[in-house]
Structures are given as C-alpha cells and as structure tokens.
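Coordinate inspection notes
Single-letter residue listing:
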Amino acid sequence: MTVTLEVAEGVGTLRLDRPPMNAIDIATQDRLKELAEEVSRRDDVRAVILYGGEKVFAAGADIKEMQKMDHTDMVLRARALQDSFTAVARIPKPVVAAVTGYALGGGCELALCTDYRIAADNAKLGQPEILLGLIPGAGGTQRLARLIGPSKAKDLIFTGRHVKADEALALGLVDRVVPAAEVYQEAHAWAARLAKGPAIALRAAKEAIDTGLETDIDTGLAVERTWFAGLFATEDRELGMRSFVEQGPGKAKFR
C-alpha cells in the first residue's frame, strides 16, 4: 500500500509509504482519499497525523507518470486529484502534518490541507510546478494564498523556489520547527492532546474557521452561532462547564 493507517489511543497516523521519495502517483492519490474518508468516519480516531517517514514527506507528483498524460487525460483526472487532497482538508478532526525532508509540489499541497504543520529543521518546501511549465493543480494556488497571503504565494509559485524550514516558519507556511529526530514525536504530542478533547466542539471549531475563510463574515458568523448554540445540547458541554465550576479551568476529562 502506498498510504497506510495506524490507530492507537485515538490518534490515527496516515503514512505515505512509496519509497524513495513518496512521489504522489494516481494510486497514492486514490488511497489517500480512501483513508481520509475512513478516518473521517471512525469514532476511534479523534485526531490525525500526516507523515511521510523520517527522511521525506513527499517530493511531489510522479512526473514520469504525468509525462505520459495528454490534455484529455488530465481533464479527466484533475478533479480526482483535487478531490483526494480535499478529502484530507475536510477530515472533521484536528490534523497535523509532520514534515521531514522535502515537501514539494503535491507534497507541499498535501501539507497545506492540514490544520497545523510541524517541520524538521532540515525540511524544504515549495511549489516548483512552474519549472515544468505548469501551475500547482492540487489546491496550491488556493490554499497557499489563503495561508500566507497572495503576494508571498505568488513569489513561491512564480519562481518555483524551495524554502528552508526557517523561512517557511517566517512566512507562516509551517507553524513550528523542531530537530528532525523529534518531528513525529512532537506531532504525536499535539494530536494526542487534542484526541482527549471534546470531539464535537473541535469539529465545530474547525468547520466554523474553514467555512469563514471561504465566505463572507456574515455567513461565517451564522455558522459560528449555529454551532455555538448546538454545542449546548452535548454531554461534553455539560461536563466541561461542571468541571470548570467545581474544579477550575482545564481539568475536564471529556468522553
């Protein structure tokens, strides 16, 4: 399998496993979509880690496979490509990318689909599609601009240059930089903490933020207040408030 799933104590790890560089071919795209939909459904998965292994996250698309495709082939495939990445972006649970080595092209676009990105100090990220006479096709022109702003996104996409971890952090492309040996450990700690949190409230927060970024503020506020009011019907809200009143903040043990 080109992507595997392991679940333990509420944390699901989606691991890209296509040596040597985790090139994202069609089979990997399809498997990624399948597993993203699976973790979305599974109640025993409360948070997700996206990981490529100790050496590389994903160096991009499978260029040899893509080279054989003509315009008609890509017209038929482009939606499925985007859908596989969107399935990751729409996992209704906290998702963290543990980025080691290269995260280029489709690899960078895949990291953009997560909620939080922890990068190794040796990581390199970028959207080099322009060097192939292309543009990013798996969401890069949209998610990157939304994350770091249009002018910074245009710089990376127009030039195709790679950025090292420190610059990626300064741009807001990643959220933390840690020694390479600690990337997965730190990502797991982030995911494990949230796996113990109130699942419905976390889902609500993610949906409200993501929807708000894609629409006008009035629509975003409507989504927020609908979820906010709805959470008053949950057991977690009752437990959280009772714990706060009786024991103080931050001590609730959600079910």
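Here we summarise the structure given alongside this text. Everything quoted here is computed from the prediction, not taken from an experiment.

1. Concerning the overall build of the protein chain
Of the regular secondary structure elements, the protein chain holds 11 helices and nine strands. Considering only C-alpha atoms, the protein chain reaches an extent of 60 × 40 × 35 Å along its principal axes. Counting only residues that meet the buried cut, the protein chain has 43% of its 255 residues in that class. Within the protein chain, counting contacts between residues at least 6 apart in sequence, those at least 24 apart form 69% of the total. Carbon and sulfur atoms form 55% of the exposed surface of the protein chain, whose accessible area is close to 13,700 Å². Computing the positive centroid from 33 side-chain charges and the negative centroid from 36, the protein chain places the two 2 Å apart.

2. Concerning the nonpolar core
Core analysis: the largest hydrophobic core is formed by 42 residues, its most contacted members being Phe 57, Leu 110, Leu 125 and Leu 173. Top contributing element to this core by residue count: helix α3 (residues 71-89), with five residues. If you look at the next biggest cluster of nonpolar residues, it comprises 13 residues, including Val 11, Ile 118, Ala 120 and Ala 195.

3. Focus: the pairing of strand β4 (residues 95-99)
Along β4, five of the five residues are buried, which leaves the element largely enclosed by surrounding structure. Because side chains alternate across β4, one face comprises the buried residues Val 95, Ala 97 and Val 99, and the other comprises Val 96 and Ala 98, equally buried. With four bridges joining them, strand β3 (residues 47-51) and β4 adopt parallel strand pairing. Of the residues in β4, the one forming a bridge with Ile 49 is Val 96. Pairing of β4 with strand β6 (residues 116-120) involves four bridges; the strand directions are parallel. Within β6, the position partnered with Ala 98 by the bridge is Ile 118.

4. Here's the deal with the packing of aromatic side chains
Remark: the centre distance and the inter-plane angle together describe each pair of aromatic rings, the angle taken between the planes. Applying the stated criterion to the full structure yields three aromatic pairs. Aromatic side chains Tyr 51 and Tyr 184 sit 4.8 Å apart centroid to centroid with 45° between the ring planes, which places their arrangement in the tilted category. On the criterion of sequence distance, the pair formed by Tyr 51 in strand β3 and Tyr 184 in helix α8 (residues 183-195) is long-range, its members being 133 residues apart. Ring plane angle 75° and centroid distance 5.5 Å describe the contact between Phe 228 and Phe 232, whose orientation is recorded as edge-to-face. Among the residues examined, Phe 228 registers a relative accessible area of 54% and is labelled exposed. For Phe 232, a relative accessible area of 37% puts it in the partly exposed group.

Definitions and limits used
Position numbers for residues count from 1 along each chain, tracking the sequence in the order it is written. Selection of residues for local features in this predicted model requires a pLDDT of at least 70, selection of side-chain atom pairs for listing and counting requires 80 or more, and totals for whole chains, interfaces and linings are taken over all residues. Side-chain numbers come from the whole structure's heavy atoms, not from hydrogens or water. The helix and strand labels rest on DSSP assignments: H or I over at least four residues marks a helix, E over at least two residues marks a strand, and numbering proceeds from the N terminus. We call a residue buried when its accessible area falls under 20% of the maximum for its residue type, exposed when it is over 50%, and partly exposed in between, using a 1.4 Å probe and counting protein chains only. Residue contacts are counted whenever heavy atoms from the two residues lie within 4.5 Å of one another. Where accessible areas are quoted, they stem from the Shrake-Rupley method and a 1.4 Å probe; at the residue level, only the protein chains shown are allowed to cover. Within this scheme the basic residues Lys and Arg register as positive and the acidic residues Asp and Glu register as negative, but His and the chain ends are omitted. We put the charge of a Lys on NZ, of an Arg on CZ, of an Asp on CG and of a Glu on CD. We call a set of buried Ala, Val, Leu, Ile, Met, Phe, Trp, Tyr and Cys residues a nonpolar core when their side-chain atoms join them within 4.5 Å. We treat two strands as partners when DSSP finds at least two bridges between them. Any pair of Phe, Tyr and Trp rings, taking the six-membered ring for Trp, is counted once the centres come within 6.5 Å. Such a pair is stacked with planes under 30 degrees apart, edge-to-face with planes over 60 apart, and tilted for the rest.

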